[in-house]
Amino acid sequence: MKLSPKATQRLAWGIIWAAGIVAMLSLLVIVGYILMRGLGEVDPEFLLTPPRGGLSGEGGISTAIVSTAYIIVLTIAIATPLGLGAAIYLAEYAADSWLTSIIRYGIETLAGVPSIIFGLFGFALFVTVLHFNFSILSGALTLACLVLPVFIRTSEEALKAVPRSYREAGLALGATRWQTIAQVVIPAALPGIITATILCIGRAVGETACLYVTMGSSAAMPTSFLSSGRTLSLHLFYLAMETRALDKAMATAVVLIAIILAINWATNWLSQRFRARMTGG
Amino acid sequence: MDPKIRTANIDFFYGSRQVLRKVTLDIKEYSITALMGPSGCGKSTFLRALNRMNDIIPKARLSGQVLLDGSDIYSAETDVVEVRKRVGMVFQQPNPLPKSIFENVAFGPRMLGINHRSKLEKTVERSLKAAALWDEVKDCIDQSGLALSGGQQQRLCIARALAVDPEVILMDEPCSALDPVATLKIEELMYDLKKEYTIVIVTHNMQQAARVSEWTGFFLSGELVEYGKTSELFKRPRDKRTEDYITGRFG
């Protein structure tokens, strides 16, 4: 049977719309369900008291919020300078050679490695050999390894997307190569680099498997980067698997979603302001 | 008088493709030299060889000499950054940086380590005046350079080049993206600038070459076919190929 062009057009349109609606609906259902079950539990007391521990799952999530903040700050502080350096090397300096193709291949491969394997590596290196023990530091170092490949690739793309004419403008004015990169290329690529950073933060906030084996599970308030701790998603995991407090887990999920939305919104706003300032918007 | 720039037997290759053949040419100081020819004749490559902008293209290779005031800019002792400071460039597509008008012009001086605000202000004003843009932008100097019109952007790029006190300004088809009125403004500007600077302009537009320049070179297939006083070259071309080109038989 052969369909007329008009019929195929209508069919394709229908399928595309259906796919879009299914995707939207499943998101709405998930978020809606979590909000329904969890929102009632979220109150100042829940946010500001530590978990009491034990099978009941009583108490709040204050220490998990603080641990999450520690983890985000430390992971980004480790991963972005390293990642930006690697991206600049690959995009601006490295000629295409067997060495860079090995580096690129390595990055591609690492980006697809399951996070628990990064966790095992972090456990072996940071927790055991380097004696950082189960700590926020071990967790953040492991997370940094996990997010680096994605960060490097995304920022390399952002750097490469900067028009050649910008580089030529800098060089033709007698700027050195590094001055051109630092003063022209990086500012122009900043919105993309910010996007790469958001992706990393999102990954860090959502990650459980690799923190499970590097950060421990202390519910106490962390006092330093060498304290053990549990992030919101780890806490959520413990609540769901080891206690009967499913509503508390849902409430934790609500806070987690709110944090991710807030971070996305803030960074979008930031990069839009950058763009506006650069183009005179 | 010695030439400002003398090139001797320049051969230029992209990979194995030769795009310039034995180009030898003298450029006089405080004059406008036009390089014309059909697309792909090598004129832009030649221009970019004069401040080593081709260095950033992978697999590009040059042999021969480019002498700036008698010293070879391709010799091992030459500092390429210094060369580009002395030999500025304006590109085909206006390429203001995504910064304010002020910061665009101040960019070069800043890269040389000048950060004193009042000093930068003086340089920016002087450069914008020299590029005949000051009156149009003096009230919106902190606006983005990208918000200007095409012709204004190109004059901004000229001001930016002037701000580092170059001796030579290379212009790579600076008007090809502009309308006739903006083109006229740039041409008038060039006429003023040649009192203090040596200008080399690449154009595929013969009328423009005839209007603005004192010296003209005609490129074809990577060769400099003919080079001489503009009035002579257009009135009495010595080479048959030049004659064919300027009478519109090809190109």
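Each remark here, short or long, concerns the structure printed above.
Residues numbered from 1 in each chain as written. Chains lettered and ligands numbered in written order. Predicted model: local features only at pLDDT ≥ 70, side-chain atom pairs only at ≥ 80, totals over all residues.

## Comments concerning the overall build of chain A
Counting its secondary structure elements, chain A contains 11 helices and zero strands. Element order for chain A, N to C, with α for helix and β for strand: α-α-α-α-α-α-α-α-α-α-α. Taking the principal axes of its C-alpha atoms as reference, chain A extends roughly 65 × 65 × 40 Å. Counting only residues that meet the buried cut, chain A has 38% of its 281 residues in that class. Relative to all contacts within chain A whose residues are 6 or more apart in sequence, the contacts with residues 24 or more apart total 73%. (Helix = DSSP H or I, 4+ residues; strand = E, 2+ residues; numbered from the N terminus. Buried ≥ 20, exposed ≤ 12 C-beta atoms within 10 Å, placed from the backbone. Contact = placed C-beta atoms within 7 Å.)

## Here's the deal with the interface of chain B and chain A
Often, the extent of an interface is quoted as the loss of accessible area on bringing the components together. In this assembly, 24 residues from chain B lie in contact with 17 residues from chain A. At the level of elements, helix H2 (80-86), strand S6 (87-90) and helix H3 (101-111) of chain B are the ones that each hand at least two residues to the side of chain B that touches chain A.

## Description of the sheet that holds strand S3 (residues 32-36) of chain B
All names here are of chain B. The strand order S6-S7-S8-S3-S9-S10 describes an open sheet built from six strands, whose pairing is mixed. At either end of the open sheet lies a strand with only one pairing partner, and these are S6 and strand S10 (223-229). Across the sheet, the mean angle separating the axes of adjacent strands is 15° when strand polarity is ignored. Bridging between strand S7 (residues 168-172) and strand S8 (residues 198-203) involves five bridges; their strand directions are parallel. When the sheet's bridge partners are listed, aspartate 172 is paired in S8 with valine 202. Strands S6 and S7 of the sheet are contacted by helix H6 (residues 150-162), whose axis makes an angle of about 170° with S6. (Pairing = 2+ DSSP bridges. Axes fitted to C-alpha atoms, helices over the stretch in contact; angles between N-to-C directions.)

## Re the packing of helix H3 (residues 62-93) of chain A against helix H6 (residues 136-160) of chain A
All names here are of chain A. Where H3 contacts H6, the two axes come as close as 6 Å, and the packing angle between them is 40°. In terms of axis orientation, H3 runs oblique to H6. Where H3 crosses over H6, the handedness of that crossing is right-handed. In the contact of H3 with H6, the residues fall into 22 nonpolar, six polar and three charged. (Parallel < 35°, antiparallel > 145°, perpendicular 65-115°, else oblique. Left-handed = near helix turned anticlockwise from the far one by under 90°. Nonpolar A, V, L, I, M, F, W, Y, C, P; charged D, E, K, R; others polar.)

## What about helix H4 (residues 117-130) of chain B?
All names here are of chain B. When the terminal C-alpha atoms of H4 are compared, their 20 Å separation across 14 residues agrees well with the 20 Å that a helix rising 1.5 Å per residue should span. Looking only at H4, the buried set comprises Thr123, Val124, Ser127 and Leu128. All buried residues of H4 lie within an arc of 125° about the axis, which places them on one face of the element. Across from the buried face of H4, at angles greater than 90 degrees, the exposed residues are Ser118, Lys119 and Lys122. Elements in contact with the buried residues of H4: H3, helix H5 (134-137) and H6. (Expected span 1.5 Å × (residues − 1). Arc of directions from axis to C-beta.)

## Overview of unusual backbone geometry
All names here are of chain B. Of note, the phi angle at lysine 59 is positive, near 70°, even though the residue is not glycine. Looking at the secondary structure, you find lysine 59 in the loop between helix H1 (43-49) and strand S4 (60-68). Using a count of 10 C-beta atoms within 10 Å as the deciding quantity, one classes lysine 59 as exposed. Its identity as a non-glycine residue notwithstanding, glutamate 173 has a phi of 45°, on the positive side. Inspection of the secondary structure puts glutamate 173 in the loop between S7 and helix H7 (180-193).

## Looking at the environment of aspartate 172 of chain B
With respect to the secondary-structure elements, aspartate 172 of chain B resides in strand S7. Here the alpha-carbon distance between aspartate 172 of chain B and glutamine 93 of chain B, two residues 79 residues apart in the chain, equals 8.9 Å.

Just distances and angles here, no functional claims.
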